[in-house]
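Coordinate inspection notes
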Amino acid sequence: SFAQDDEDIQVMKAGAMLRKVKSRSWKKQRHFRLQDDGQTIWYKSRWAGTGHSTFSVGDIEAVREGHQSEVLQSIAEEFPADLCFTLVFRGRRGNLDLVAESASDAQAWIRGIRKLVQNTESMDAKERLDQWIWDWFQKADKNKDGRMNFKEVRSLLKMMNVDMNEEYALRLFTRADKSESGCLEIEEFVQFYKMLTQREDVWNVFQNYSRDGQMLTLAELEEFLRQEQQKGEESQDHAHELIVRFEPSETAKKQGAMSIDGFQIYLVSSEGDIFDPQRLELHQDMSQPLSHYFICSSHNTYLMEDQLRGQSSQEAYIRALKRGCRCVEVDCWDGPNGEPVVYHGHTFTSKILFRDVITTLGEYAFKVSEFPVVLSLENHCSVEQQRVMAQLMDTILGDTLLRAPLNGLVPQVLPSPLDLKGKILLKAKKIGGLEESDTLNDEVTDEVTDEVSDEDEPKNMSCPLQKSKLSRELSDLVVYCKSVHFYGFEYSCQHSKCYEMSSFSESKARKLAKEKGMEFVQHNSRHLSRVYPSGMRTDSSNYNPQELWNVGCQMVALNVQTAGLEMDLNDGLFHQNGCCGYVLKPDFMRNDSSFDPERPEEREGYKPLRLSIQVISGQQLPKLNQKEGSIVDPLVRVEIYGVSKDQAKQETSYIHNNGFNPLWNETLNFIIHVPELALVRFVVEDYDKASRNDFVGQFTVPFTCIQPGYRHIHLLSKDGTALPLSSLFVNIKISELTTETE
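Residues numbered from 1 in each chain as written. Predicted model: local features only at pLDDT ≥ 70, side-chain atom pairs only at ≥ 80, totals over all residues. Heavy atoms only, no water.

When helices and strands are tallied, the protein chain shows 22 helices and 33 strands. The C-alpha atoms of the protein chain give 28 Å as radius of gyration, which agrees with the globular expectation for 742 residues (27 Å, within 12%). Structurally, the protein chain occupies a C-alpha span of about 95 × 75 × 55 Å along its principal axes. When contacts within the protein chain are restricted to residue pairs at least 6 apart in sequence, those whose partners lie at least 24 apart make up 68%. Carbon together with sulfur atoms contributes 49% to the accessible area of the protein chain, which is approximately 32900 Å² in total. With 85 positive and 113 negative side-chain charges, the protein chain shows a separation of 4 Å between the mean positions of the two kinds. (Helix = DSSP H or I, 4+ residues; strand = E, 2+ residues; numbered from the N terminus. Rg over C-alpha atoms; globule rule 2.2 N^0.38 Å. Contact = heavy atoms within 4.5 Å. Areas by Shrake-Rupley, 256 points an atom, 1.4 Å probe, with all protein chains shown as cover. Lys, Arg positive; Asp, Glu negative; His and termini not counted. Charge placed at Lys NZ, Arg CZ, Asp CG, Glu CD.)

UniProt marks N300, E329, D331 and E378 with the feature "binding site: Ca(2+) 3" (unreviewed entry), using the numbering shown here. Separation in sequence by 79 residues is not matched in space for these annotated residues, since their most distant C-alpha atoms are only 9.7 Å apart. Separated by 3.4 Å, the side chains of N300 and H299 make a polar contact. Mapped onto the elements of the fold, E378 is located in strand β17 (residues 373-379). Here E378 falls in the buried class, since its relative accessible area comes to 1%. (UniProt positions renumbered as here; feature names shortened; annotations may be inferred. Polar contact = N/O pair within 3.5 Å; in protein donor to acceptor, adjacent residues only side chain to side chain. Buried < 20%, exposed > 50% of the residue type's maximum accessible area, 1.4 Å probe, protein only.)

Our focus in this paragraph is the environment of G535. Its location among the elements puts G535 in the loop between β23 (529-532) and α21 (546-549). Sequence spacing of G535 and E506 is 29 residues, and the spatial spacing of their C-alpha atoms is 9.5 Å.

Turning our eyes to something else, we now look at the domain arrangement of the protein chain. Per the domain assignment, the segments making up the protein chain are domain 1 (7-122), domain 2 (126-197), domain 3 (200-272), domain 4 (290-433 + 468-589) and domain 5 (604-736). The distance between the C-alpha centroids of domain 3 and domain 4 comes to 47 Å. (Domains from an automatic or database assignment.)

Moving on, we come to the sheet that holds strand β4 (residues 53-56). Strand order in the open sheet made by the 7 strands is β4-β3-β2-β1-β7-β6-β5, with antiparallel pairing throughout. Bordering the open sheet on either side are β4 and β5 (60-65), each of which pairs with just one other strand. Adjacent strand axes in the sheet meet at a mean angle of 30°, parallel and antiparallel pairs treated alike. When strand β6 (residues 84-89) meets strand β7 (residues 96-100), the two strands line up antiparallel, connected through 4 bridges. (Pairing = 2+ DSSP bridges. Axes fitted to C-alpha atoms, helices over the stretch in contact; angles between N-to-C directions.)

This paragraph deals with the packing of aromatic side chains. Here a ring pair, both rings aromatic, is described through the centre-centre distance and the interplanar angle of the planes. Per the stated rule, a full pass over the model turns up 29 aromatic pairs. Taken together, a centroid distance of 5.6 Å and an interplanar angle of 45° make the contact between F137 and F189 tilted. Of this pair, F137 sits in helix α4 (residues 125-140) while F189 is found in helix α7 (residues 186-196), placing the two residues 52 residues apart along the sequence. Take F137 and F189: they sit in the same class, and that class is buried. Through pairs of rings, three or more aromatic residues link up here, namely W203, F206, Y209, F224, F246, F263, Y266, Y710 and F729. (Phe/Tyr/Trp six-rings, centres within 6.5 Å; stacked < 30°, edge-to-face > 60°.)

Turning to the side chain of E506, a few remarks are in order. Of note, E506 is situated in helix α19 (residues 506-515). A polar side-chain atom of E506 sits 2.7 Å from the main-chain amide nitrogen of S534.

Our focus in this paragraph is the pairing of strand β14 (residues 327-333). In terms of residue burial, β14 counts as a mostly covered element, since 7 of its 7 residues are buried. Judged by which residues are buried, β14 turns out to be covered on both faces: C327, E329, D331 and W333 on one side and V328, V330 and C332 on the other are all buried. In the sheet, β14 pairs with β17 via 6 bridges, with the strands oriented parallel. Within the sheet, the bridge partner assigned to C332 lies in β17 and is N379.

Below, the structure written as structure tokens:
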């Protein structure tokens, strides 16, 4: 790893007083320093006796300089920008806002942390493993003499979620203790750990194909790729490429062969991953109409927590955009001093300025994806403040805001994500259509008796809808996403323009999906539909998006801030195609008009598949509670989400007390009727006979992105962040369903 004697790193190791800021009134001195492992930052207050906190550099996603967060902007008068910086963490952990005592201190910490983060990101798998072992060693070496006796090693294994037979552990310990001192030093401990983690399951697969049990020749590796990994024609080239990429031994490389080490490295690499690396990249046709894509969408984007009391925050927009959301929502109300504000109306959520939200949007919209962002406006403002909104968008967003149809033409079909690269599209009500360039007066009552805001569905349909006033300036900024009331599929088929779109509450959309699935699919091949969670979900819980993707709804808006199954499915679907936020719908949802998700077997070209998953083993599953002596009893459940015929779950039995290397060797079988829409979710739980099982980790993959064969599944936490080194080892077979075998 790079020089630990780097000046900035030395400054960090020496430690500094930094002010931790939580709000205008809460700003407290803390002593921060980088620990000797070069990976952990430790801090404590002067007064809090022995209490201290730590976090790992690996948890930091970015460092922002200056007043780059709402909290630091609020104290800008008091502390100049060159003293301030913000640490942004992965997942849903809050930012840390800090103020240094001098500009040079601030610079040293900013530069130092950036170097450490970059270094962590560029570590390869081997270095990361060594770093991980080193971190644990530091934790367990209580008296800090750099050595560990057998008793210390045993308690360390417990901390690492390894429950080992005492005798076996002692045998390995003695073998690793080369110096025969009764203690292991760090290098000896690394050896001990590696002996411990030699993978029996991988060794067995290796033995099946290696005639001499020592090496896989090029021909043997090729045979493995053809037979097991279903690589077909490309097996030969692929075998050669894998040896070049993954074989650590030069001797084996020269012979064009692969050792067990190389084989194991290959199987845990991205090439051995369940998610096909080619599907991870941007590979889909991006030149089709917008309505032909599923679009990653966020609901009440301004909220960090729940809908009644939560914090409204620009930070929430940054997080949603960073996760690849391409449709964000802004709820606008009249604010003081003629400035519109954003918050969840009629509740106690805090308020933020519309101008700040638009500034954030302008800054972060295209950092992760260059494809268009739809700004869904829930407009509750007076005409005066609507004018202010239009002016703010105009000045802040400049050319990125789409203001007129492309090439000045009235469209017959929607433009494509490719045509609209780098553009922000406003979705809101509009006076008239794109056809008339009307020269009416500035303030017009929208004659389509309708709500200005989609989500204020009148509670009682018989009450007269009040006519809402729209400002001409705001209306003119709406081009391809004009919000209209939905009057039924027949009506929209005859009357609706391609740029007109409707929003549906989850219950309304679900009802339509169940009763008129085929018509909904057809409607969604031409028009955009947005679905939002029911107003009853005040806790910001989510609904299952799959039912609505099944009928082709593009913008199925979720509370991105809420972790759980629904966001796992969303992350799984949008993980493909370069995480760009757009996924092309299957061809039968774009043109063939006879697809009904309730009756998949009636579709032309219907080909069900058999999916067989042998769950072999697990590796280093995280320990859930830190209670002395508690170790997980893991089981694996495979869940299929897709058309209703495909919804299914099966699980393995649980393994008693082994989170380190549980072996299941159980096979689960499924039949998939519409593979193009199916998502496969792998969940690991800690079995508990007395209460609900605890969640350990999960990974969700679109069926079409699965690589068959022996694969590793790298598990994610509840938050969707990586759980380092935690994985499942599986063997997946996909075959056509022949009637004879049924």
